[in-house]
Amino acid sequence: MNSFKKFKNLVPPIATLSSPHLLSIEGMPKTEIVSLLERADYFADIQISKIEKTLNGYVILNVFFENSTRTRVSFELAGRRLGAEVINISVNMSSIKKGESLLDTANTLSAMRPDVLIVRHPDSGAPKLFSEYLDCSIVNAGDGRHEHPTQALLDALTIKRRLGRIEGLKIAICGDISNSRVARSNIHLLTTLGAKVRCIAPPTLMPKDLSNLGVDCFDNLEEGIKNTNVVMLLRLQNERMSGTETPSKREYFHYYGLDNKKLGLADSQAVIMHPGPMNRGVEIASNLADDENRSLIKMQVQMGVAIRMAAIESLHNKKYAR
Amino acid sequence: MTNKINILLKSIRVIDPASGFDQISDVIVKGEKIFSLKKSNGKKINKCINSIIYDCNNLILCSGIVDTRVHLNGPTEESISKIQSIAAKSGVLKLVTLPNQNPVVDDATVVEYLYEKSKNKYMPEILTYGCATKQFNGTEITELGLMSEAGVLGFTDGIHCIQDSLVMRRVMSYASMLKKPVIQHAEDRSLAGLNKSTMTTVQGEMNESEISTRLGLVGIPSCAEVIIIERDLRIAKLTNAHYHISNVSTKESIEVLRKAKAQGLNVTCDTSPAYFCLNELELSSYNTAFKLSPPLRSEVDRLAIIDGIKDGTIDIISSDHHPRSKDTKILPFSSASTGAAGLETLLPLTLGLVHQGYMDISKAIKLITTNPSKIFKIENPKISEGSLASFIIFDPEKPYIINQEKLLSYPTPFNNRPVEGMNLASFIKGKIIYKHDDFRELKNE
């Protein structure tokens, strides 16, 4: 079921963004989000061999200061499909800690004259810093607890393709909101597109004054999930499962893990999403994760490449392009 | 040769908050001393034998600023002469360094070495606090008595908070015997984000609020400050110590301190311009010049700090001068170090309180001269006939825009901020140790 019917026979134009970088969803105008989604929707359906190599001759550097397989591969595929040269650089954080300054690393990379730098970094705001000192477009591929813009975009595309719309939907985001960049990007994007967003987390993992971001906050999953159309789960990192943030895996699953019974309180057609990697038996019951009728987890991965194509492509003709 | 010639400061407004003196005067400096201080008759003088004349209309003369919170890298000649020349330019003639130096000031010999190295008759005087605990480990008390004899002004772990209540009690008991204050950087470390449940140490990076939520930075709740203050006040009462809190930044702290002062406890405190000029919204661009400790707080807190300054709950405004290298500041926010330069902006930002109508100029001067010298027992020459001619001359209304490029230290959180007020000349013992280009002598015809 495709929502972009008006474009069935029309190729949507390359999205135009007002910024030369893609650093955050917060502050991004609705029109830009929609144009990225429309373009990505087109990429999601097109035969790979028919994709125009608009980025022929462009150099994209994938610079990951944090381990990642899926996001990195997804960006790499996106770049290659558009004809760009994609080079992966995994920066050894230990050498950075040994004294090499981040800016030195950045300047070295800049000397290679990339057109787009895709950055993942464990510190919030690091891609912003790169954008201030380097003369190429920066795409934030996840920075600390701050944002993960392409993840939110692909989540929105997934929802739109499956449920036909975003405006007016009730969407629950559940889990470690406090430490989640996925949650923050999704909150900004989904509220911008007119969804009713609810955030569900144990009080220890709920950040301060979150409701000021335009969401409703719940510490009770069963209450928060009522009548929702989408349940988006977040990964609970291993080191947070015992100690002062949550008492134990067992207790977390008891209160916040999604199972059939709790999902029964949501809309009867409600779908489940997860940015991965999943902790089966912690935030989601294993059988639900595999339920093709309910779980959109696989589709999220597919949409990832399409979204990243649209995103990279939208930056290529910006002022930094050589 | 030059100091043999008299200096005549014509029609200058002399303010001494200690005595309440405030008068447009003609001041003659002869040798090391103020030779004459007379009410100005308003007549123009173009000629005076053996004298250099300065027309000081609309300028203010007051005693040198006493800055009670300055970070020094260590007692090396380079860092000492650098801080002294920055201080001279800023109108700061006495400054107290924190013990967080290299080497750490936790031993009488380091104190003596620092004093010896910085001894210069015609330069701003450097004083220091001593560490309360060895290498600020928070557990073992230093030789407080010996350091006291060597001349430290008080005891503090500088930018570290003394966390352990028993250690605090012992430091205060000892300091009380020595009649020296204990200076606390009030921040409960575990609330400030030292997270033991995770394998890694996550340090709080900014005030906990909607802004920290939006930016994805680790928040420090504002109660982390007042919790320590409330505990320490009880220990101060128990031990009869003089307790001083530096860099007060929250509304709750002001409320608690106001009450404690009303009860007559021996407690004093200071804040620095960042906490009455800026709030947490500055962090929105992840600019690390705003990464300070304590962190910039909410607008409500900022206004409460101004109230605290107005009603005397806050005794001192200090610069909290903590310059950093670009290597430690041009980094992702989490990895960047805390602290910013403050000496050069202390005077104009304090005068900002006057220009905004919060207080008169005499009160503002009191906060940076008389009060700090009284509280920390720092001798500062009076402005009167026969006293040493150590003072500053500033233009309270000179407008300009603070520009990082023009400052001697990095980074400033006040870059591009329009201010009014500038130090034009610093005198120590009759000698002009700093003079701005605008401070010109009249041609003696």
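The rules behind each value
- Throughout this description, residue numbers start from 1 for each chain and increase along the sequence as written.
- Chain letters and ligand numbers both follow the written order, the letters beginning at A and the numbers at 1.
- Selection of residues for local features in this predicted model requires a pLDDT of at least 70, selection of side-chain atom pairs for listing and counting requires 80 or more, and totals for whole chains, interfaces and linings are taken over all residues.
- For the side-chain quantities, the full set of heavy atoms in the structure was used; hydrogens and water were omitted.
- Strands are labelled as partners when DSSP assigns at least two bridges between them.
- In this text, helices come from DSSP runs of H or I with a minimum length of four residues, and strands from runs of E with a minimum of two, each type numbered from the N-terminal end.
- Centre distance within 6.5 Å is the pairing criterion for rings of Phe, Tyr and Trp, where only the six-membered ring of Trp is used; planes under 30 degrees apart are then read as stacked, over 60 as edge-to-face, and the remainder as tilted.
- As annotated, the domain borders come from an automatic or database domain assignment.
- The contact criterion used is simple: two residues touch if any of their non-hydrogen atoms lie within 4.5 Å.
- Put simply, buried area is the surface a 1.4 Å probe can reach on two separate parts but cannot reach once they are joined, added for both.
- Note on definitions: salt bridges are taken to be side-chain nitrogens of Lys or Arg within 4 Å of carboxyl oxygens of Asp or Glu.
- Residues adjacent in sequence count toward polar contacts only when both atoms are side-chain atoms; beyond that, a polar contact is any pair of N or O atoms within 3.5 Å, and within protein one must be able to donate a hydrogen and the other to accept it.
- Amino acids outside the nonpolar list (Ala, Val, Leu, Ile, Met, Phe, Trp, Tyr, Cys, Pro) and the charged list (Asp, Glu, Lys, Arg) are all regarded as polar, and Gly is one of them.
- Classification of residues uses two cut-offs on accessible area relative to the type maximum, computed with a 1.4 Å probe and protein chains only: under 20% is buried, over 50% is exposed, and between them is partly exposed.
- Residues scored as charged are limited to Lys and Arg (positive) and Asp and Glu (negative), so that His and the chain ends carry no count.
- Whenever a helix is involved, its axis is fitted only over the stretch in contact; in every case the axis is a line through C-alpha atoms, and angles between N-to-C directions fall within 0 to 180 degrees.

Residues and elements named next belong to chain B. Bridge count between strand S18 (residues 418-428) and strand S19 (residues 431-435): four bridges; the pairing is antiparallel. Each bridged residue has a counterpart across the sheet, and for Ala-425 the counterpart in S19 is Lys-435. Here S18 hands over to S19 after two residues, with Lys-429 in that stretch at a positive phi of 45°.

Residues and elements named next belong to chain A. Taken as a whole and assessed by the stated rule, the structure comprises seven aromatic pairs over all chains. On the basis of an interplanar angle of 45° and a centroid distance of 5.4 Å, the ring pair of Tyr-42 and Phe-43 is categorised as tilted. Pairing Tyr-252 with Tyr-256 gives two aromatic rings, centres 5.5 Å apart and planes at 35°, and the pair type is tilted. You can see Tyr-252 and its partner Tyr-256 sitting in helix H9 (residues 249-256), four residues apart, about one turn around the helix.

Okay, the domain arrangement of chain A next. All names here are of chain A. Domain annotation for chain A reports domain 1 (5-148 + 302-321) and domain 2 (149-300). Taken together, the contact pairs 35 residues of domain 1 with 28 residues of domain 2. Its largest share of buried area at the contact with domain 2, domain 1 owes to Arg-145, His-148 and Met-303, together 26% of the area lost on that side. Where domain 1 meets domain 2, there are three salt bridges. A salt bridge links Asp-41 to Arg-161, with the nearest nitrogen and oxygen atoms 2.6 Å apart. There are 19 residue pairs in polar contact (both at pLDDT 80 or more) connecting domain 1 and domain 2. For the side of domain 1 that touches domain 2, the secondary structure elements donating two or more residues are helix H1 (30-45), helix H2 (70-81), strand S3 (116-121), strand S4 (137-143) and helix H12 (297-316). Per element, the largest residue contribution to the side of domain 1 that touches domain 2 is nine residues, and it comes from H1. A class-by-class count of the residues in the side of domain 1 that touches domain 2 yields 15 nonpolar, nine polar and eleven charged.

This part takes up the side chain of Glu-280 of chain B. Residues and elements named next belong to chain B. Within the fold, Glu-280 resides in the loop between helix H8 (273-277) and helix H9 (299-310). Nearest to the buried, unbridged Glu-280 among oppositely charged side chains is Arg-297, at 7.6 Å. Within the local environment of Glu-280, its side chain forms a polar contact with the side chain of Ser-209, the two groups lying 2.8 Å apart.

Turning next to the sheet that holds strand S6 (residues 65-70) of chain B. Residue and element names in this part refer to chain B. Spatially, S6-S7-S8 is the arrangement adopted by the three strands of the open sheet, whose pairing is parallel. Strands at the two margins of the open sheet, each flanked by one partner only, are S6 and strand S8 (125-128). Direction aside, neighbouring strands of the sheet carry axes that sit 25° apart on average. The pairing of S6 with strand S7 (residues 92-97) spans four bridges and is parallel. For Asp-67, the partnering residue across the bridge sits in S7 and is Leu-95. Helix H1 (residues 77-90) rests against S6, S7 and S8 of the sheet, and its axis sits at about 135° to S7. Seen against the sheet, helix H11 (residues 343-355) touches S6 and S7 and runs at an angle of roughly 125° to S6.

Take the sheet that holds strand S2 (residues 85-90) of chain A next. Strand-to-strand pairing in sheets goes through backbone hydrogen bonds, with the strands running parallel or antiparallel. All names here are of chain A. Spatially, the four strands line up as an open sheet ordered S2-S1-S3-S4, and their pairing is parallel. Both outer strands of the open sheet, S2 and S4, are each paired with one neighbouring strand and no more. Strand-to-strand twist of the sheet, defined as the mean angle between neighbouring strand axes without regard to direction, takes the value 15°. As paired elements, strand S1 (residues 59-64) and S3 share five bridges and run parallel to each other. Residue Val-63 lies in a different strand from S3, and its bridge partner there is Val-119. Sitting on the sheet, helix H5 (residues 126-133) is in contact with S3 and S4, with an inclination near 165° to S4.

Looking now at the interface of chain B and chain A. Contacts between chain B and chain A engage 22 residues on the former and 28 residues on the latter. Taken together, the two surfaces of chain B and chain A that pack against each other cover about 2000 Å², and 56% of this comes from carbon and sulfur. A per-residue breakdown of the area chain B buries against chain A is headed by Thr-213, Arg-214 and Ile-330 of chain B, which together make up 31% of the total. As a salt-bridge pair, Arg-214 of chain B and Glu-26 of chain A come within 2.6 Å of each other at their nearest N and O atoms. Here chain B is connected to chain A by seven residue pairs in polar contact (both at pLDDT 80 or more). Among the residues forming the side of chain B that touches chain A, the class breakdown is ten nonpolar, nine polar and three charged.

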